[in-house]
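Per-entry structural report
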Amino acid sequence: SDALADGNKIEAIKIYRKATDSGLKDAKEFIDTLIPKLIEKDPEKYEKIAKSGGGCASMVVFALLLSGAVGLLC
């Protein structure tokens, strides 16, 4: 949650994956579901992630991560 408070969604996904041994898709979905709940609970603490909105830039990064992950599997 410190990663999300710092506005670092990708790091939060990495932490979640490592802690739960889940796949990238499941981890991203979990974090995407968690973010609005955290913002609702403490908007000031999660101000950075709220402002980032997880828009186009995060989708580009996610696609790059996914393509890198696929490359590692081949």
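Below: a short report on this structure. (Residues numbered from 1 in each chain as written. Predicted model: local features only at pLDDT ≥ 70, side-chain atom pairs only at ≥ 80, totals over all residues. Heavy atoms only, no water.)

**What to know about the environment of Arg 17**
The condition is simple: Elements are defined by DSSP. Helices are runs of H or I of four residues or more, strands are runs of E of two residues or more, and each kind is numbered from the N terminus. Three exposure classes are used, based on accessible area relative to the maximum for each residue type with a 1.4 Å probe and protein chains only: buried under 20%, partly exposed in between, and exposed over 50%. The contact rule is simple, with two residues in contact once any of their heavy atoms fall within 4.5 Å.
Assignment of secondary structure puts Arg 17 in helix α2 (residues 9-20). On the basis of relative accessibility, which here comes to 34%, the residue Arg 17 falls in the partly exposed class. Taking C-alpha positions, Arg 17 is 8.9 Å from Lys 28, a pair spaced 11 residues apart along the chain. Sequence-distant contacts of Arg 17, that is, excluding residues within four places in its chain, are made with Ser 22, Gly 23, Leu 24 and Ala 27.

**Structural notes on the nonpolar core**
Heads up, the condition is: As used here, the term nonpolar core means buried Ala, Val, Leu, Ile, Met, Phe, Trp, Tyr and Cys residues forming a set that is joined through side-chain atoms within 4.5 Å.
Counting 12 residues, the largest nonpolar core consists of Ala 3, Leu 4, Ala 5, Ala 12, Ile 13, Leu 24, Ala 27, Ile 31, Ile 35, Leu 38, Tyr 46 and Ile 49. Elements represented by at least two residues in this core include exactly α1 (2-5), α2 and α3 (24-41). With five residues, the top contributor of residues to this core is α3. Look past the residues within four positions of Leu 4 in its chain and what remains in contact with it is Lys 9, Ala 12, Ile 31, Leu 34, Ile 35, Leu 38, Tyr 46 and Ile 49.

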